[in-house]
Amino acid sequence: MTIEQQRQGLAFSGSGHPTDQESLRFRRVSSRMSTQIYHEPNSSTSLAQEEEQSGSEPTLELRNTVFPMALKKAARQVQQMQVPAQFNGGSWKQKRIKFVRQFKSNVREFLYFFSLWGKTLQKIGGRNLVYASKQPQRLRPRWQTLLSLTGNFGGGVQSYFIFLRFLVILNFVSFLLIAGFVLIPSIVFRSVGIKPESSKADVSSECLKYDPNPQGLVVFYEFFLDLLSGTGFMEYSYLFYGYYNNSVIVTSLVGSHFSYNIPLAYLLTAVFYFAFCLICIIVRMGKAARVAVTTGGSDVRSYSMIVFTGWDYGCLGSKATKLKQRNIYYRLQVDLEEERLKKHAASLTLCNKVTLHSLRVLMFFVAVGLIVATFLAIARATTFSQENSHVPGILGLFYTYLPSIVITLGNFLVPLLCDQIALLEKYPPSATVVVALLRAVVLRLVSLGILLFTLWKQIMCHDSRDKCNLCHYNHEDYQCWETSVGQEMYKLTLFDLLVSIALLVLVEFPRRMVVDHWSCKLTQWVGRQEFVVPSNVLGLVYGQTVVWTGALFCPLLPLINTVKFVILFYCKKITLFYNCRPALRTFRSTSSAIFFLAVLLFGWILALVVMIYSVAVIHPSFACGPFRSFFRMWKIVPESFSTLPEGARDFLFFIGSQAFSIPLFAISCVFMCYFIALASIYGKSVAMLRAQLKLAGQDKQFLVKQIEKMKPLSPQHNEGEQD
Amino acid sequence: MVSIGVRSQNPRQTNKNRKELTFLTKQEILLAHRRFTELLEGDERNHPNPRVPMDAILTLTELKSNPFKKRICQVFSTSENRDGSLTFEDFLDLLSAFSDSATLEIKSHYAFRIFDFDDDGTLDYGDLEKLVNCLTGETADTRLSSEEMRQLISNILDESDIDKDGTVNLSEFQHVISRSPDFVRFVLFHLPCKCSLFTHYCYSRLIFNFPTALSRLCCEDYAVEMYPSLIFISLFHFKQNQF
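Conventions we followed
Residues numbered from 1 in each chain as written. Chains lettered and ligands numbered in written order. Predicted model: local features only at pLDDT ≥ 70, side-chain atom pairs only at ≥ 80, totals over all residues. Heavy atoms only, no water. Domains from an automatic or database assignment. Contact = heavy atoms within 4.5 Å. Buried area = accessible area lost by both parts, 1.4 Å probe. Salt bridge = Lys/Arg side-chain N within 4 Å of Asp/Glu carboxyl O. Polar contact = N/O pair within 3.5 Å; in protein donor to acceptor, adjacent residues only side chain to side chain. Helix = DSSP H or I, 4+ residues; strand = E, 2+ residues; numbered from the N terminus. Nonpolar A, V, L, I, M, F, W, Y, C, P; charged D, E, K, R; others polar. UniProt positions renumbered as here; feature names shortened; annotations may be inferred. Axes fitted to C-alpha atoms, helices over the stretch in contact; angles between N-to-C directions. Parallel < 35°, antiparallel > 145°, perpendicular 65-115°, else oblique. Left-handed = near helix turned anticlockwise from the far one by under 90°. Disulfide = S-S within 2.5 Å. Buried < 20%, exposed > 50% of the residue type's maximum accessible area, 1.4 Å probe, protein only. Phe/Tyr/Trp six-rings, centres within 6.5 Å; stacked < 30°, edge-to-face > 60°. Lys NZ or Arg CZ within 6 Å of the ring centre and 35° of its normal.

**Considerations on the domain arrangement of chain B**
The parts lose accessible area when they come together, and the size of an interface is often stated as this lost area.
Residues and elements named next belong to chain B.
So, step 1. As far as domains go, chain B holds domain 1 (24-102) and domain 2 (103-205).
So, step 2. Facing 24 residues of domain 1, the contacting portion of domain 2 comprises 23 residues.
So, step 3. Between domain 1 and domain 2 the total buried area reaches about 2300 Å² when both faces are included, carbon and sulfur atoms providing 72% of it.
So, step 4. For the domain 1 face of the interface with domain 2, the top three residues by lost area are F68, R71 and F98, together amounting to 29%.
So, step 5. Counting the contacts that link domain 1 with domain 2 gives one salt bridge.
So, step 6. In this assembly, domain 1 and domain 2 are joined by five residue pairs in polar contact (both at pLDDT 80 or more).
So, step 7. Of all the secondary-structure elements, those providing two or more residues to the side of domain 1 that touches domain 2 are helix 2 (26-39), helix 4 (61-64), helix 5 (69-76) and helix 6 (88-97).
So, step 8. When residues of the side of domain 1 that touches domain 2 are assigned to their parent elements, the largest contribution, six residues, is made by helix 2.
So, step 9. Residue composition of the side of domain 1 that touches domain 2, grouped by class: 14 nonpolar, four polar and six charged.

Below is the structure:
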């Protein structure tokens, strides 16, 4: 027993200086331990942190201590002898607290059942979830053994699937919003038989022509073509803007006053949809940022983290253990190499630096040139496709899908070429990843912007002014231009899904079968596929941006996107488990979550610009849609404003006036300054505490040296000090 | 807790004490006892406080391929000659520290002791070198070169050694750990889930063939407690078999 106490004493003291002063420290620590046993062990050198640190919960605190079982039992006996009087009342309180804790853990288990795809996510990433400590232990055994068989793909891959799950839920809830306020009232009014109001403006009958229904007999394969391109029977349906009426229902029957303004509902739902998505993204970003800050700024090469926390103590077989060891070895080597490269780069001569920087500038221009070339190709393809949209048959289908095809090809080829360029640029590996990601992001989102810009150019006839004179938009080519834009977004979404499934079936499965069953040098070099997280996440962001852009013109697009993402989840899961090998270099998950959300926000801003432009600048179609009688889409708001009661109107005017907004702005500035000051103070106090610890360590070493110096001089002094 | 029939107080009270002094549930303690007795030789089972030698502990599947297996046994062992042998209570301490519900402080404390290969209370250069070698594998082609090792350890000390004394002590180690969200992976193994115990209970109730006196007591002990959570158990069983 004494040997263990000594060991624990040394561990407790935390400053194991292996000198003769062990006995001194041991004495001190043993006295501390004995006092702990006889007093309230509510600190145990700051190890116990149970919530109820009252005298009625001594056993739980003992659980948090690091004594062996025999010592804990002795301590417990002493405590029980010490507090017999409290026993009766304490036991009732104890039982109540225990019951509450049990109830809470049961509720948590129940709720865990209903979390979407929770088990799959755990299986993919190991137990790297931030919420892992809250999960019930009883549900995990199966997955732990499965983990050892299938291999752990790491936090980066798991963060992709978590992001995908977030987008699925976001889309589904937005669809519920749109369905509740726009779709269901429209269905109800249409079934009741309310006719659309005719256009109030005096405009020529040319502009009012709109005839989307197919004429006469339709060839059978036209059905599939229409399904894929949103024309024909699909065009005049709830899917697109053109089907919705501008019905304004006001009933003033006796007793009930019911009014519903569909155009207003349509516009405000779109606005609230954008606001809701923005709030969700920002809340999630806040959570991720908090995690990143508490884990200390997500060091790229935090060696201590890798070494101290890198090992997974779960039940791994010997093969998985070797794999894990190789993984850690590779990571350490790469990080050390990167550090050496950095040191080497810092020590370059001036001539080398100049050549390196000029090479980088040149490569930057080459990359920019590639991206601009892609944009020109997309613009040309869009124009061509819009001009030849009336060609029938399969060729017509190909022409309508031409912009999607060019965008997908560009998004595939240009990053490959940029990777080759990056090899010449010789950035450090972490900077290379960031630069590649930025390039890919710019490529994807701006190519979508170019597509939309080209479409808008055609609708507003920037090339040929004469087409737009009559109806303020190109009524010859686009009788209902909003539906055309909606169709374009619908096609992009569908094509994205089809390409993913086609890649899965035609490329990934064959590749795995070839690599597994035919071993030659080429297949060894190509190897099994690796799940590349950044490009997959950019695909998700691109899909979501398309949906946001098209939601105003195609209200059912969030629902289609939900279904698409669900299918994508299962496809990616299948390909991950059957075709991919665990990556040697894992993608960091904490900083990447913020990066993904930032890119998503960027896509949101793009979609917002599009929406503002179409609501505020372009004249709505005369022939279709809920805004057919308005000069601009947003004009509905001032008009319905005038129907509001006096009090509400005055209140809203007040909120919009300067008397309210300037004090509000001032107060939010004050709050922001307060939080910034608070954050900087915390940072400074952390730095100060660190310096203090360093000084305390130096003081301790100085004092120990002094003691050592004085020891041979005066032995009797020594004994006096030890008492 | 209702005790059915006339039994002696001591085993039940011992188990209740153990449950409250560790992070394990009653079922897990029971199953741990079963695994532990499987490791014992026949004649040792009748010993009041049997002690299993380290070689037998290392045959457990969960520990077999763990590079830290010897250190784990040595840390939790309370034997006088520090040979790594474990009593049942040491075994429970081990499981408790590695269980899911153990606090971060407990886990980090024991992790520190496991990494402290020379048991001097700090992680100095030798400890860190042995730690890195365990992590990367002991074979020649997976070891870091001495130059890389030196660079790595100096980086680690730069990051973690706050008072700059050349070693990492417990508080510095805990500081590093607290900033990592990954440390929840410090979990060793999971004993088989509740449902198998439930079927075991039903089976044994039907056939009246209890393997050990202890398990018989424990089954009856929480017979009353299991009825409220019956629904959960059957759901878990169903859900798990579904996949």
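**Observations regarding the domain arrangement of chain A**
So, step 1. In terms of domains, chain A is made up of domain 1 (154-194 + 203-627) and domain 2 (658-698).
So, step 2. Measuring from the centre of the C-alpha atoms in domain 1 of chain A to the corresponding centre in domain 2 of chain A gives 38 Å.

**Things to note about the UniProt feature "transmembrane region" (unreviewed entry) in chain A**
Residues and elements named next belong to chain A.
So, step 1. UniProt annotation of "transmembrane region" (unreviewed entry) refers to residues 169-189, 264-283, 361-378, 398-418, 430-456, 559-580, 592-618 and 660-682 when read in the numbering used here.
So, step 2. Secondary structure within residues 559-580 divides into 95% helix and 5% strand; the distance between the first and last C-alpha atoms comes to 30 Å.
So, step 3. Within residues 660-682, the helical portion is 100% and the strand portion 0%, while the C-alpha atoms at the span's ends are 34 Å from each other.

**Observations concerning the environment of A:L341**
So, step 1. Mapped onto the fold, A:L341 is located in helix 12 (residues 318-346).
So, step 2. Residues A:L341 and A:P428, 87 residues apart in the sequence, show an inter-C-alpha distance of 7.4 Å.

**Thoughts on the packing of helix 17 (residues 481-517) of chain A against helix 19 (residues 533-550) of chain A**
Residue and element names in this part refer to chain A.
So, step 1. Direction vectors running N to C along helix 17 and helix 19 enclose 155°, while the axes themselves pass 9 Å from each other. Here helix 17 lies roughly antiparallel to helix 19, going by the angle between them. Along this stretch, helix 17 crosses helix 19, giving a crossing that reads as left-handed. Residue-level inspection shows M489, L492, T493 and D496 of helix 17 in contact with helix 19, the latter providing G539, Y542, G543, V546, T549 and G550.
So, step 2. The class makeup of the residues in the contact of helix 17 with helix 19 is four nonpolar, five polar and one charged.

**So, the state of the cysteines**
Residues and elements named next belong to chain A.
So, step 1. This structure, assessed with the given rule, holds one disulfide over all chains.
So, step 2. Paired by a disulfide, C480 and C624 hold their sulfur atoms 1.7 Å apart. Here the S-S torsion is close to 100°, and the disulfide linking C480 with C624 is therefore right-handed. Pair noted here: C480 is in the loop between helix 16 (429-459) and helix 17 and C624 is in the loop between helix 21 (589-616) and helix 22 (636-641), with a separation of 144 residues, a long-range link.
So, step 3. By relative accessible area, which is 3% here, C480 ends up buried.

**Comments concerning the packing of aromatic side chains**
So, step 1. Using the criterion set out here, one finds 36 aromatic pairs over all chains in the structure.
So, step 2. Relative to B:F115, the ring of A:F308 lies with its centre 6.4 Å away and its plane at 20°, an arrangement referred to as stacked. In this pair, A:F308 sits in helix 11 (residues 303-309) while B:F115 sits in helix 7 (residues 104-115), so the two residues belong to two different chains. Side by side, A:F308 and B:F115 carry an identical accessibility label, which is buried.
So, step 3. By the ring-pair criterion, three or more aromatic residues cluster together here, those being A:Y238, A:Y241, A:Y243, A:Y244, A:Y266, A:F627 and A:F630.
So, step 4. Lying across the ring of A:Y542, A:R444 places its NZ or CZ 5.6 Å from the centre.
So, step 5. Positioned above the aromatic ring of B:F117, the side-chain terminus of B:R71 is 5.8 Å from the ring centre.

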